[in-house]
Amino acid sequence: MPTRVLVPSGVLGLGFDREALARGVAARPDIICIDGGSTDSGPFSLGAGQSKYSRAATKSEWRALMLARAEAGVPLVIGTAGTCGTDSTVDWMYDITAELARELGQELRVARLYSSQPAARVAEAAAADRVTPLPPSPELRLEDLTNIVALAGAEQIQAALETGADIVIAGRTTDTATIAALPLSRGDAAGGAWHGAKIGECGALCSTNPTSGVILVDFDQTGFTVEPLATGARCTPHSVSAHMLYENSDPFRLFEPGGYLDVTGATYTALDDRRVRVEGSVWVPGRYTVKLEGARIAGYQTTILAILRDAHYAANAQAWVDRLTGFLHREIETRMGLARADYMLEFRLIGVDAALGALENRTGSPVEVGVLGIITARTQAEASEIGKLINPFVLHYPLTDDEDLPTFAFPYSPATTDRGALYEFALNHVMVLDDPMSAFRIEVSEIRTEVPA
Amino acid sequence: MTIGDLVLKVRSKNAGPFWVTIDVFCGRPEVFERLTRTLRTEDVARLYQVAPDQLKRFDIPDLRVIKFSLPRPVVQGSAADRDMHGAQYAALLEEMSL
């Protein structure tokens, strides 16, 4: 059965064209799907179990989508709710949903799909040889992870939809799972379902107007058709096929729970100047595995920023930092009793090689050089103490012994900033499941509007 | 002459926390043909300081795109990471002399 999926944007919190959304609702979609996260902004969200987007932005956009859902009378699904899709961010999203339901007077059935994994479950699977590393893989060490999630696929979203939910708030899912789920359960072509979901997952990024957000994907027995809904936005065979390159290490294959998508033989045809038809993508079934993500605390950080504007110091910034670093290591050892292995102290030269480090191959004469000092220690108190200890030297340290003490520019007071925990990604593994639901759980809630007393 | 002088765009981005991927959009077919002929995988591997067998390369004629993927030199967001989104890696290839 043909399935029409409305995708309001690539991620909740980034904004979308409200007129285009209204057009999408008028086109009578079968489901509305939006992604709520990704690992792209780093390990903090997963490590801390917090959304990176503001509650206010999330609520304002979710309100528009809840109204669209009510008007369309079809399910609304969010995948990877709250950036990282831990149980905590699913519940955060549920709170926003319940609050909005009361404000809008909507009565709803809401299904929450939880993706967080107890370390013991993963450890047990690993002991049974059912956890496989993907290259390049960090060592499997589970005891100190603050959060582990498994990426749900289409099956878990289908199970959540089968509860009759008006809204599905899913924890971590693959980028494509929410969009592929309904077409797959209605018997549309599997290759087309996954490929269309990949093309659609970033919203209008597959069109000539990436920021407009809203697109419509029509799935059927032989493939899919994609159409952007903002005025003036167009999909072309090039804009659509090029999207397989995006954030993908392999542009022809996409691994999902239970198999992979192969688009080597896909054909892209312009139906008119805004719609593209895609056929010939193949789904290759395999073992049922789910990808795991995890994060741990790798230390605590304090930073300091000084700016060298004096031309002599700007020109000799690396030599200055090398001399300063050696001096500070000795000071930290003498005054705090810390060995080099107990902490990390690094200065990055903004204006020289701060973005690329050892890979940088360009040189120049910057007007000024920002010196970003990053301290990573075992506790915040220790990092903070090192920051205070080095502060006067970062301000005044000379390039040579026989010169007056310089004073550099500090942009603020205090000069040091405590950053809190540094999290690191700790898993690049897949876990084998016999039953797709065995590592996930669904909770269904009925939200009733309160009757005034 | 650099690659950036010839092509439409060079972009890079994380492909998950452990990989970075770099897309060279050549635009005209003759630019794509010239680059696929002259751009040596070993030189790109040296530019990013990875072993050549760690560098995946895809020449995609339909899109006139050359794509490289490599394990991130440092894992995204780790203490040593300098570019959370991996989008600045592209500059090296864009500025590479032909």
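On a predicted model such as this, the values are computed, not experimentally measured, just so you know. (Residues numbered from 1 in each chain as written. Chains lettered and ligands numbered in written order. Predicted model: local features only at pLDDT ≥ 70, side-chain atom pairs only at ≥ 80, totals over all residues.)

1. Some words on the overall build of chain A
Move 1: Looking only at helices and strands, chain A has 12 helices and 20 strands in total.
Move 2: Projected onto its principal axes, the C-alpha coordinates of chain A cover approximately 80 × 55 × 50 Å.
Move 3: Taken across its 453 residues, chain A has 49% of its residues classed as buried.
Move 4: Taking all contacts inside chain A whose residues are at least 6 apart in sequence as the whole, residues at least 24 apart take part in 76%. (Helix = DSSP H or I, 4+ residues; strand = E, 2+ residues; numbered from the N terminus. Buried ≥ 20, exposed ≤ 12 C-beta atoms within 10 Å, placed from the backbone. Contact = placed C-beta atoms within 7 Å.)

2. A closer look at the sheet that holds strand S2 (residues 31-37) of chain A
Residue and element names in this part refer to chain A.
Move 1: Strands sit in the order S12-S13-S9-S8-S1-S2-S3-S7-S4-S20 across an open sheet of 10 strands; the sheet is mixed. With one partner strand each, in any of the chains shown, strand S12 (267-270) and strand S20 (441-447) form the two edges of the open sheet. Taken over all neighbouring pairs, the strand axes of this sheet differ in orientation by 20° on average, direction set aside.
Move 2: Bridge count for strand S1 (residues 3-7) against S2 is two bridges, and the pairing is parallel. Bridging across to S2, Val5 finds its partner in Ile31.
Move 3: The sheet contacts of helix H6 (residues 154-161) involve strand S3 (76-83), strand S4 (108-114), strand S7 (167-170) and S20, and relative to S7 the element is tilted by about 145°. (Pairing = 2+ DSSP bridges. Axes fitted to C-alpha atoms, helices over the stretch in contact; angles between N-to-C directions.)

3. A look at the UniProt feature "domain: DUF4387" (unreviewed entry) in chain B
Move 1: Taking the UniProt record as the reference, the feature "domain: DUF4387" (unreviewed entry) is found at residues 4-94 of chain B.
Move 2: Along residues 4-94 of chain B, the helical share is 27% and the strand share 27%, with 4 Å between the first and last C-alpha atoms. (UniProt positions renumbered as here; feature names shortened; annotations may be inferred.)

4. Re the domain arrangement of chain A
All names here are of chain A.
Move 1: Each assigned domain of chain A is listed with its residue range as follows: domain 1 (3-115 + 151-288 + 433-447) and domain 2 (297-425).
Move 2: Between the C-alpha centres of domain 1 and domain 2 there is a distance of 43 Å.
Move 3: On the domain 2 side, the residues contacting the four residues of domain 1 number five residues.
Move 4: Counted by class, the side of domain 1 that touches domain 2 contains three nonpolar, one polar and no charged residues. (Domains from an automatic or database assignment. Nonpolar A, V, L, I, M, F, W, Y, C, P; charged D, E, K, R; others polar.)

5. Observations concerning the UniProt feature "domain: Acyclic terpene utilisation N-terminal" (unreviewed entry) in chain A
Move 1: Sites flagged by UniProt as "domain: Acyclic terpene utilisation N-terminal" (unreviewed entry) map to residues 77-395 of chain A.
Move 2: End-to-end, the C-alpha atoms of residues 77-395 of chain A are 53 Å apart, and along that stretch the chain is 32% helix and 29% strand.

6. Here we look at the packing of helix H1 (residues 18-26) of chain A against helix H3 (residues 55-72) of chain A
Residues and elements named next belong to chain A.
Move 1: Viewed as axis vectors pointing N to C, H1 and H3 meet at an angle of 20°, and their least axial separation amounts to 10 Å. Of the possible angle classes, the one that applies to H1 and H3 is roughly parallel. Like other packed secondary-structure pairs, H1 and H3 cross with a definite hand, here right-handed. Between H1, through Arg18, Leu21 and Val25, and H3, the contact on the second element is made entirely by Ala64, Ala68, Glu71 and Ala72.
Move 2: The residue inventory of the contact of H1 with H3, partitioned by class, reads five nonpolar, no polar and two charged. (Parallel < 35°, antiparallel > 145°, perpendicular 65-115°, else oblique. Left-handed = near helix turned anticlockwise from the far one by under 90°.)

7. Concerning the nonpolar core
Note on soluble globular proteins: their nonpolar side chains tend to be buried together.
Residue and element names in this part refer to chain A.
Move 1: Within the largest apolar cluster, 156 residues are counted, with the highest numbers of intra-cluster contacts made by Val168, Ala170 and Met431.
Move 2: Taken domain by domain, this core gets at least three of its residues from each of domain 1 (3-115 + 151-288 + 433-447) and domain 2 (297-425).
Move 3: The residues contacting Met431, other than those within four sequence positions of it, are Val122, Ala125, Arg130, Val131, Ala150, Thr289, Val290, Leu292 and Ala439. (Core = buried A, V, L, I, M, F, W, Y, C linked by C-beta atoms within 7 Å.)

8. Focus on the interface of chain B and chain A
Move 1: Counting from both sides, the interface comprises 33 residues of chain B and, opposite them, 31 residues of chain A.
Move 2: Counting only elements with at least two residues in the side of chain B that touches chain A, the list comes to strand S1 (9-14), strand S2 (19-25), strand S3 (56-60) and strand S4 (65-71) of chain B.
Move 3: Per element, the largest residue contribution to the side of chain B that touches chain A is four residues, and it comes from S4(B).
Move 4: Here the side of chain B that touches chain A is composed, by residue class, of 15 nonpolar, 10 polar and eight charged.

9. Observations concerning the sheet that holds strand S14 (residues 282-285) of chain A
All names here are of chain A.
Move 1: Sheet architecture is open: three strands sit in the order S10-S11-S14, paired in antiparallel fashion. Of all strands in the sheet, those bounded by a partner on one side alone are strand S10 (253-256) and S14. On average, adjacent strands in this sheet sit at an angle of 20° to one another, irrespective of strand direction.
Move 2: As paired strands, S10 and strand S11 (residues 259-262) are joined by four bridges and run antiparallel to one another. For Glu256, the partnering residue across the bridge sits in S11 and is Gly259.

10. A few points about unusual backbone geometry
Most of the time, phi is negative for any residue but glycine, and the peptide bond is trans.
Move 1: Here the residue pair A:Pro135 and A:Pro136 is connected by a cis peptide bond, since its omega of -10° sits within 30 degrees of zero.
Move 2: Counting through the fold element by element, A:Pro136 comes out in the loop between strand S5 (131-133) and strand S6 (145-150).
Move 3: Notably, B:Gln49 is not glycine yet its phi reads approximately 55°, a positive angle.
Move 4: Relative to the helices and strands, B:Gln49 resides in the loop between helix H3 (41-47) and S3.

11. Notes on the pairing of S2(B)
Residues and elements named next belong to chain B.
Move 1: Where burial is concerned, most of S2 is hidden: six out of the seven residues are buried.
Move 2: Pairing analysis gives six bridges linking S1 to S2, with the strands arranged antiparallel. In the strand pairing of S2, Ser12 is matched with Ile22.
Move 3: Counting the residues in the hairpin turn of S1 and S2 gives four residues, including Gly16, whose phi is positive at 80°.
Move 4: Pairing between S2 and S4: seven bridges, direction antiparallel. By the bridge assignment for S4, Asp23 is matched with Lys67.

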